[in-house]
Amino acid sequence: MPDLSLYKQTVDLYLSIAPGHSRDPLNAIQEHMDSMILSKLPRINGIVLAYDNIRFLEKSAKVMYDSPFSFIWVRVDVLVFSPKKGDCLEGKINLVSPSHIGLLILGIFNASIPRKSIPKDWIFIEPDTTEEQGRWKTNDGNILEPGKDLEFVVDGIQREAGLTMVQGTLANS
Amino acid sequence: MPSIISSTNPQYINKCVNNGTMASSTNVPDRTVGSKSFASSVSKNDGRLMQQMLRAFVNKALDDKAEGNFAGYEDLRRQFAAKSDTKDAPSSLQLQNLLSALTCNVSRLDSSNSSLVMSVLDSVWVSRDESFVRCYTRFLGNLISAQSNYLPLVMTMLIQHMLYRPDSLAIHYEHAHMALKYVLELVPRAHSFLYSSILEEFPYKDESLLAQMTYISNVLSICEYVPSIKGPVLHAIIDKIIQIDVEIQVEVDDDDEEEDEVVTDDDGTSNADSEVITASTLYERHTAISSEMTSSTILTPPSLTDTRQLMQQLDQLLYTLFSYLDSNLKSTSRDRYLVYNSLIKSFVNTVLKTFRCRYTQFLIFWASQLDPEFTDIFLGVLTEVCLDPSQPYTLRLSGAMYIGSYVARAKALEKNTIQIIVNMMTRWVEAYLDQCENELSDDLLSKHSVFYAINQSIFYIFCFRWRELCVSDESESMEPRPNEWIPGLEILHRSVLSRLNPLRYCSPNIVLQFAKVANHLNFMYVYSIIEQNRKGIFREGFDTMDAYFPFDPYRLTKSSIIVQPFYNEWQQIPGLDDDEEEEDTDYESSTVMLGESPF
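Predicted model, so just to flag it, every value in this text is computed and none were measured. (Residues numbered from 1 in each chain as written. Chains lettered and ligands numbered in written order. Predicted model: local features only at pLDDT ≥ 70, side-chain atom pairs only at ≥ 80, totals over all residues. Heavy atoms only, no water.)

## Observations concerning the overall build of chain A
Working step 1: Along the backbone of chain A there are one helix and 12 strands.
Working step 2: Walking chain A from its N terminus toward its C terminus, one meets helices and strands in the order β-α-β-β-β-β-β-β-β-β-β-β-β.
Working step 3: Looking at the 173 residues of chain A, the share that counts as buried comes to 42%.
Working step 4: The long-range share in chain A, meaning contacts at least 24 apart out of those at least 6 apart in sequence, stands at 57%.
Working step 5: Accessible area for chain A stands at about 9,000 Å²; split by element, carbon and sulfur atoms hold 53% of it. (Helix = DSSP H or I, 4+ residues; strand = E, 2+ residues; numbered from the N terminus. Buried < 20%, exposed > 50% of the residue type's maximum accessible area, 1.4 Å probe, protein only. Contact = heavy atoms within 4.5 Å. Areas by Shrake-Rupley, 256 points an atom, 1.4 Å probe, with all protein chains shown as cover.)

Right, here's the structure in full:
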C-alpha cells in the first residue's frame, strides 16, 4: 500500500500586516498563506499544499520603530507534502526512456527513476520509430508506458531552484 | 582522439562498441538487438545500428569523463558549441542523432556534466527542420523530467526564443511554442518559472515596434495554452504600454502641434472577430508594419521622428491588445470574466494611479461597454473608489474624473444607468453639504477637493447628457413645456449657492460651459455667481481644480477604429448656437468655435 507522504502540522509564524489591511487582519494573513501554497515554509520540511484554522496568538499586533507594518504571531494548521527516503509512493508515468522513468505524484510533483535504480532484469523495448517513446517490460511481464501507475520507493529528494523532485528506486521490487 | 562522427576508421568504430559493451554489461541496446534482429527491416537496422553506436559513444564519453579523461566528452560538447555557419560545423542530421543518443542518457547529465547541457541549450535549433525540432523538444522534456536543476535554464532559453531576431520566421516561434508546451506538460511545476521568465525578457520600451509586437504577440500566444497566466500577463503588458503612453504625453506637452500630424495608417484592417490571433498572423502584420515604418522614417523630419514613432508604437500595441481582448471577451469565450476582472484589476492598480496617461484607459472604456454586466462592474469600482472616505484623496479625485468622463462619453450607457449614477453623486453632495457646509476654513480647495471634483464631474455630465437627465418622455427636446429634471439634480441649486462655492473652484472652462448649457435649458441661472467669483479671484488668487478628463477624444488612428463605435462625441445643443452672439454681447462669455467640442 503506497504512502501519501502527506502530513498535517501546526506551525507558529511571525507575520507582518500592511497598514492597508489593518481593518481586516485575517484577510492579510490569508493572502500571505495563499502565496505560500506550493512553497516551502521556513522550518517546515515539505511543500505546503493547504492551510486551515488560522488563529492569532496575541490580542493585538505590534507597530515597532519606524516601520508602518504591524507584526503578530499566528498559528496555522498546514498540510505538507514531505516524502522521505524509504517511503513507498505511487505516481502516474508520463515519460518512458531507456535512461529513466518519469512520473507525476499527485498530478503535480515530478519523480524520476534513473536507469541504475531500475532492476537489471527489466527490459527496455525500443520504439518502432524515433517519434515514439518505447516501453519498459518488468520481470513479471508488465508493460510500463505513459498513463500507467507505478509504485516505487523514495531514494532521495532533489530540491533546487525552488523546485522539489523525487528520486525513486525500484531496486527491491 | 578524433570524433566518432568524422572518423572513417572501421576498426575504431568496432573498438568503441566493444569498449561500451565491456564498460557496462547491462547495456540495453545489446539485448534489444538480440530480441529484435529478425523482425527489423534493413533500413531500420541501419538506423538502429547508428543509434546503438552513438549511445555507446555517449556512454563511453561520460564514463571516461568520470574517470578523468575529458577528450571524448569535450569532443561531444564541441559538436553542439560549433557555430552553425562555419565550414566544419556538424550537419543537422549528425546533431540530431547525437541528441537522440543524449536523450537516452539524460539521467547521467547531472551538474558535473552541465557544460555539455549548456552547449546544447545554447545551440541553434528553432531554425532547423521539423524532425530536428521534434528531437530537440524530446531532449528538453527528458532532460528536465530527470534533472530538475536545469528547469530555470530551459525556461529562460525557451522564452528568449520568443524575442525578435532579424532573421526570425514565424515557423521559428511555432517551434519554440511547441517545445514550451511539451515542457509544461511534463513538469507542471514549471509554471512557477514561466511568468517570471516572461517578465525578465520583456523588451525595453525604447526598443523597436517590431521587437515589442513580436514579443507581446508571442506572450499572448502562450496565454492560450497556459490560461492561468492570462491575468498577470495582461497586467504586465498594460504596464509596458502605459510607460509609452506617459512618455508621449511628456513630449506632446512640449510640442502641441505634434498631435495634429499623426500619419494615417493605410494598413487594411480586417475585422478582428474573423481572425484567430496567433503568433504567425500577428508576425505577418508586423512585417508589413516594419516596411511602413521604414518608409515613414525616411520621409519624416528628424525632430518629429521620435514622438511620431512612439505614437505609432502605442497605436499598434493598443490595437494588438484590443484585438486580443476582443476574442477573449466574446460572450462565447469561457475566460471572459477572468480576463475582464484582470483588466479591472490592472485599471485600479495601474491606470487609475497614473497621472495623465492618455490612451491606455480606453482599453477599459471599450471593454466595459461590451456587456451591461461589465458596465455595472466598472461603474461599481469607480463609485467605490470615489465615494469611499477611507481611500486616499488622490485616488478619489482620479475616480471622480473617471466617472465624469466615462458617464459623459460612453455611448453604450443607458438612460437609466446615467440617472442612477448622477443621483448617487448628487446624494453624496447633499450629504457632504449637510456635514461640512458650515465649517469655517481658509483653504477650501485642498480641504474639500473631492467635493469639488464630484461637482465638476456632475457639471461635465450635465453638458453631455442633459437629454438623458430629462424626465420628459417626449422625443422632441424643445417642447413649450419646461424640462423636468431628475430629482437628484435639484441639489445643484443648493451646491452652487453654498459656502463651498464649487463654481469658484472648479475648472473655469467647465464652469462656463455648464453655465451656458444650464441657462439655455432653463435649468438654472448661475452667471451672477460667476461674476461675483470673478471679482473674488482678483483678491484671493487663481487656484482651481485640474480639468483632466481621461476619455477626451481618441487620436490614435489605427486603434480608434475599435474605440470609435463606443464613443459619445460632443453634440451641438439645439438652439444654443443661434443665441451665442446675443449672449456674447450681454455677458462677455468665452466664444466657442462652431462645430468643435467646447472641452
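## Remarks on the interface of chain B and chain A
Working step 1: Each side of the interface is counted separately: chain B has 33 residues, and chain A has 35 residues.
Working step 2: Buried surface at the junction of chain B and chain A, both sides included, amounts to about 2,800 Å², of which 48% is carbon and sulfur.
Working step 3: Of all residues in chain B, Ser145, Ser148 and Arg189 of chain B bury the most surface against chain A, accounting for 23% of the area lost on that side.
Working step 4: For the pair chain B and chain A, the number of links is zero salt bridges.
Working step 5: For the pair chain B and chain A, the number of links is five residue pairs in polar contact (both at pLDDT 80 or more).
Working step 6: Counting only elements with at least two residues in the side of chain B that touches chain A, the list comes to α2 (28–36), α3 (42–66), α7 (130–146), α8 (151–160) and α9 (170–186) of chain B.
Working step 7: Looking at which element gives the most residues to the side of chain B that touches chain A, the answer is α7 of chain B, with seven residues.
Working step 8: Residue classes in the side of chain B that touches chain A are distributed as 12 nonpolar, 12 polar and nine charged. (Buried area = accessible area lost by both parts, 1.4 Å probe. Salt bridge = Lys/Arg side-chain N within 4 Å of Asp/Glu carboxyl O. Polar contact = N/O pair within 3.5 Å; in protein donor to acceptor, adjacent residues only side chain to side chain. Nonpolar A, V, L, I, M, F, W, Y, C, P; charged D, E, K, R; others polar.)

## Quick notes on the nonpolar core
Residues and elements named next belong to chain B.
Working step 1: Within the largest apolar cluster, 178 residues are counted, with the highest numbers of intra-cluster contacts made by Leu140, Leu194, Ile198, Ile454, Phe462 and Leu489.
Working step 2: Counting residues per element, this core draws most heavily on helix α21 (residues 449–469), which supplies 14 residues.
Working step 3: Every residue in contact with Ile454, bar those within four places of it in the chain, is listed here: Cys386, Leu387, Ala400, Met425, Trp428 and Val429. (Core = buried A, V, L, I, M, F, W, Y, C linked by side-chain atoms within 4.5 Å.)

## Topic: the pattern of salt bridges
Between side chains of opposite charge, a pair can form when the charged atoms approach closely.
Working step 1: Throughout the structure, instances matching the rule amount to 14 salt bridges over all chains.
Working step 2: One salt bridge connects Glu58 of chain A with Lys62 of chain A, and the closest N-O pair in it is separated by 2.8 Å.
Working step 3: Residue Lys62 of chain A is classed as partly exposed on the basis of its relative accessible area, which comes to 35%.
Working step 4: Across the pair Arg108 of chain B and Asp63 of chain B runs a salt bridge, and its minimum N-O distance is 2.6 Å. Taken together, the residues span a long stretch of sequence, with Arg108 of chain B in the loop between α5 (92–103) and α6 (114–122) and Asp63 of chain B in helix α3 at a distance of 45 residues.
Working step 5: Here Arg108 of chain B falls in the partly exposed class, since its relative accessible area comes to 28%.
Working step 6: Residues joined by salt bridges that share partners form a network here, namely Glu224, Lys230 and Asp335 of chain B.

## Some details on the packing of aromatic side chains
All names here are of chain B.
Working step 1: What the rule picks out here adds up to 37 aromatic pairs over all chains.
Working step 2: Taking 4.0 Å as the distance between ring centres and 10° as the angle between the ring planes, the aromatic pair formed by Tyr340 and Phe374 counts as stacked. With a gap of 34 residues between them, Tyr340 in helix α15 (residues 336–351) and Phe374 in helix α17 (residues 372–387) connect regions that are remote in the sequence.
Working step 3: Look at Tyr340 and you get buried, because its relative accessible area is 0%.
Working step 4: An angle of 45° between the planes, with centres 5.0 Å apart, marks the rings of Tyr460 and Phe464 as tilted. Of this pair, Tyr460 and Phe464 both sit in helix α21, four residues apart, which is roughly one turn of that helix. (Phe/Tyr/Trp six-rings, centres within 6.5 Å; stacked < 30°, edge-to-face > 60°.)

## Notes on unusual backbone geometry
All names here are of chain B.
Working step 1: Although it is not a glycine, Asn501 sits at a positive phi angle of roughly 50°.
Working step 2: Following the sequence through the fold, Asn501 ends up in the loop between α22 (491–497) and α23 (502–505).
Working step 3: Residue class for Asn501 comes out buried when judged on its relative accessible area of 15%.
Working step 4: Positive phi values are uncommon outside glycine, yet Asn522 reaches one of about 60°.
Working step 5: The topology assignment puts Asn522 in the loop between α24 (508–520) and α25 (527–540).

## Some points on the packing of helix α4 (residues 71–81) of chain B against α6 of chain B
Residues and elements named next belong to chain B.
Working step 1: Put simply, α4 and α6 touch, their axes get as near as 8 Å, and they point 20° apart. Judged on the interaxial angle alone, α6 and α4 are roughly parallel. For the element pair α4 and α6, the recorded crossing hand is left-handed. For the pair α4 and α6, the contacting residues are Tyr73, Leu76, Arg77, Phe80 and Ala81 in the first and Ser114, Ser115, Leu116, Ser119 and Val120 in the second.
Working step 2: Residues that form the contact of α4 with α6 fall into these classes: six nonpolar, three polar and one charged. (Axes fitted to C-alpha atoms, helices over the stretch in contact; angles between N-to-C directions. Parallel < 35°, antiparallel > 145°, perpendicular 65-115°, else oblique. Left-handed = near helix turned anticlockwise from the far one by under 90°.)

## Description of the packing of α17 of chain B against helix α18 (residues 393–409) of chain B
Residue and element names in this part refer to chain B.
Working step 1: Between α17 and α18, whose axes approach to 7 Å, the crossing angle comes to 145°. When the axes of α17 and α18 are compared, the crossing they make is left-handed. Of α18, the residues touching α17 (which contributes Thr375, Phe378, Leu379, Leu382, Thr383, Val385, Cys386 and Leu387) are Leu395, Arg396, Gly399, Ala400, Tyr402, Ile403, Tyr406 and Val407.
Working step 2: Tallied by class, the residues present in the contact of α17 with α18 amount to 12 nonpolar, three polar and one charged.

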